[in-house]
Amino acid sequence: MAFSTTTPAYTLFLGLALVSCTRSIPGIRTHYPVDPSRQGYVDFHNHITMKPFVTKVEIPATTPEQAAAAALLQAARQSPDTLAWSMRNTPGELRFKKEGDFSDFSGYRQSNWGALGTYRLVCTSLYAYERGLVDDKHWGNRVFKKAASNFGISMPKPHARLVQNKYLTAFDELQAEYAFTQRQARTDPQHPEQGPKIVLVTAAKDIQQLQPGQTGVVFSIEGGHALFGNGPRLENRLLLHNTTLADAEGLRQNIATLKRWEHPVLFVTLSHLIWNKLAGHGKGTDIEGGLGVVLHSLFGSRKVRAGANAMPATGTTGISGFSQDDPLPLAVPYDNGLTGSIYNDPRGLGKLVIDSLLSRHGGRRILLDMRHSGLKTRLEYYALVAQRRVAGDTIPIMVSHAAMSGKSLRFALATALRPLADDYAEFKNPAKYYKELEEWYADETGTRLDSNSQRVNPGWMRVPWKFERSPFLRIARAGFIIDGKPHYYRDFFKHQPNRQDTLSYLRVAEIPTIGQRRAGFFQPSSINLADDEIDIICRSGGIIGLTVEQRGLGTRLPQAQAQADSVHQALRARLASERVPLPKGVDQNGFINRFLAAAPFVRNLAHLVRSASPQSDVWRHIAIGTDFDGIVNPIDYFHTSDRLPELEQFVFDHFDLYDELYRFGLGAALANTPSGRPYSKQQALRQLFSENGTAFITKHYPVR
């Protein structure tokens, strides 16, 4: 995958991680038939305008660096107003689109205005490339950087030059894409007589007034890094922990600018792929298989680890604390997941950004999206939301494009708060990994654990190297500070008698096993949600957008693949006996491939719903967040925006067959309601794909 010769090693890292999930699925030529009454789709995370903006909006190469921001904004405003409607595809790009493969900046379009005919609302995510990914100061040797030029995400050279311009901030790029999207909102150039098709929403009433055939577009922003001014980059401290008063003032000013936009921003995704001086992230590029071993080796390099994935286990600056015994410091510390690695940030920029976005003073409230945030950051935000609720301020928690980790929250904490935040052994051989973990506990406590017993870890001890930095040995002291008051992770587990025992033991039932159909079936990284988080989000009045991205859903994990092979044979046998009717135009191979491709999505949906308590009313708090055109590999056969209705129709048509062959427990999930009366599958899927999203956005759309 081509980039530019000056692109740093992270493009190699990102390219390997993303390309690893690609494969050719021949024969994706036909569409699955859909009931035309299925309308009103809502997508919480879609990068509709990112690719045409990055690939088509250019400024002259001779533009002085200091003048690039103004020139880019002007180019965006003067760009042809048809670019977001379609894009001419080369034969190679058409092949990738046909086969549903991964698409980088130069690949096929997964979404465009013309594909949204059945959508009511879509959140278009504005994204400015993280400058820390092209910051030479924090990367390894030149040979490694040169090798990276053969991989990456195919960003065109003109835009690569812009990203590498130290005088063009990420916020400048963000404003240019916003202006570009405004320019693109117009009538369909192929059917101008039909009037406006795309409506940029300015108020909730615009949503209510949408006419049939119109799609409302709502703005969101991916990554808090885009809110900074240029001081950290010009001063070569992008990925360092130190901050200045000028940083704080720049953040306040840029957030104030956002709140003055004509078309309000509904939410900002706080974290993204690297450290942003605000909050720790979940590692977003974990992969399974042999390439995971390669990446694991790369992360062993101090410079690569600092540059590509700096401090993934840290919490939120201005909130995170570490020791329950020390007096509250004047400068609230935060840690990077390593004992002894404590930094002081007297400005608490993470807390500053959260407070500024949520504030209704001086502008509209902008919600926070917890996708990409690390587990520690998420817990801190949940606690902050709970505290605000007690004070009478209700804040819904959002996760715009989520998937499940298959772990309890206690187990997720024990395996995720690590220096590298997640262990590749979980991908390679999860059954062995979890078995060794259980046996280690048995050896240390002298008693083999069973499903009815629990043991307190005796504390600091000699442990196998793979667990030597595990928070099992130090989590009892881990906590965080909100508005000067200490909170501890024990607050999420009220049944534990005292904070000294916080998370220092597990029940064996919380360690995933193959028999429980968890280990090896869910992507185990801390970027994905733990079971206990579902209730927390739902009870806040929040929303969870289920992604269609293969890696996040765990499509290529070993146990999931083995089960798919078994189901494949069962389906073949059924089709041979004509016990599964095929819709018109779909052949046997096309049906089987669709069924297997959609299974991880259905698995995550069923597990998400069954993880919630009935009182949380989970079916009213889930939606769709595709991440189309976010440099992802979506579900084969359902890989573009116009095919989202096909995914709903396919799951609806074969709901019972999934339950029978995979035993996902979908029937039980339908009954997970406060009253105990089950939803019909039609009701449940309509809420997931349409109704919940419309209700949430209408209720929480920013008001002045």
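Residues numbered from 1 in each chain as written. Predicted model: local features only at pLDDT ≥ 70, side-chain atom pairs only at ≥ 80, totals over all residues. Heavy atoms only, no water.

The protein chain appears in an unreviewed UniProt entry as Membrane dipeptidase (Peptidase family M19) from Hymenobacter arizonensis.

Enquirer: Give me the lowdown on the pairing of strand S1 (residues 41-46), citing residues and values where you can.
Expert: Within S1, six of the six residues are buried, leaving the element largely enclosed by the surrounding structure. Sheet analysis places S1 next to strand S2 (residues 119-126), joined by four bridges and oriented parallel. Its bridge partner being in S2, Val42 is matched across the sheet by Leu121. (Buried < 20%, exposed > 50% of the residue type's maximum accessible area, 1.4 Å probe, protein only. Helix = DSSP H or I, 4+ residues; strand = E, 2+ residues; numbered from the N terminus. Pairing = 2+ DSSP bridges.)

Enquirer: For the confidence of the model for the protein chain, give the residues involved together with the corresponding values.
Expert: For the protein chain, per-residue confidence averages 77 on the pLDDT scale, and residues scoring 70 or more make up 68% of the total. The low-confidence segment residues 322-333, where pLDDT is below 50, has 29 contacts with residues more than four positions distant or belonging to other chains. The low-confidence segment residues 336-341, where pLDDT is below 50, has 14 contacts with residues more than four positions distant or belonging to other chains. (pLDDT = per-residue confidence, 0-100. Contact = heavy atoms within 4.5 Å.)

Enquirer: If you had to explain the nonpolar core to someone new, which residues and values would you point to?
Expert: Phe591, Phe595, Phe601, Trp619, Leu647 and Tyr658 are the most contacted members of the largest nonpolar core, which has 118 residues in total. With near-sequence residues (within four places) excluded, Phe601 lies in contact with Leu546, Thr547, Val548, Leu553, Ile624, Ile635, Leu647, Leu688 and Phe689. Ranked by size, the runner-up nonpolar core spans 27 residues in total, among them Leu72, Leu133, Ala179 and Ile631. (Core = buried A, V, L, I, M, F, W, Y, C linked by side-chain atoms within 4.5 Å.)

Enquirer: So what's going on with unusual backbone geometry? Residues and values would help.
Expert: One non-glycine residue, Asp617, lies in positive phi territory at about 55 degrees. Looking at the element boundaries, Asp617 is found in the loop between helix H21 (588-611) and strand S14 (622-624). Taking relative accessible area as the criterion, Asp617 reaches 18% and is therefore assigned buried.

Enquirer: How would you explain H21 if you had to name every residue and give the values?
Expert: Taking 1.5 Å per residue, 24 residues should reach 34 Å; H21 reaches 34 Å between its end C-alpha atoms and fits that length. Helix geometry: H21 is bent most strongly at Ala599, by close to 40 degrees, with proline Pro600 lying one to four residues after it. Counting buried positions along H21 yields 20 of 24 residues, so the element is predominantly enclosed. The backbone nitrogen of Asn589 has a side-chain oxygen 3.4 Å away, supplied by the residue at the start of H21, namely Asp587. (Expected span 1.5 Å × (residues − 1). Bend = angle between axes of the 7 residues up to and from the residue. Polar contact = N/O pair within 3.5 Å; in protein donor to acceptor, adjacent residues only side chain to side chain.)

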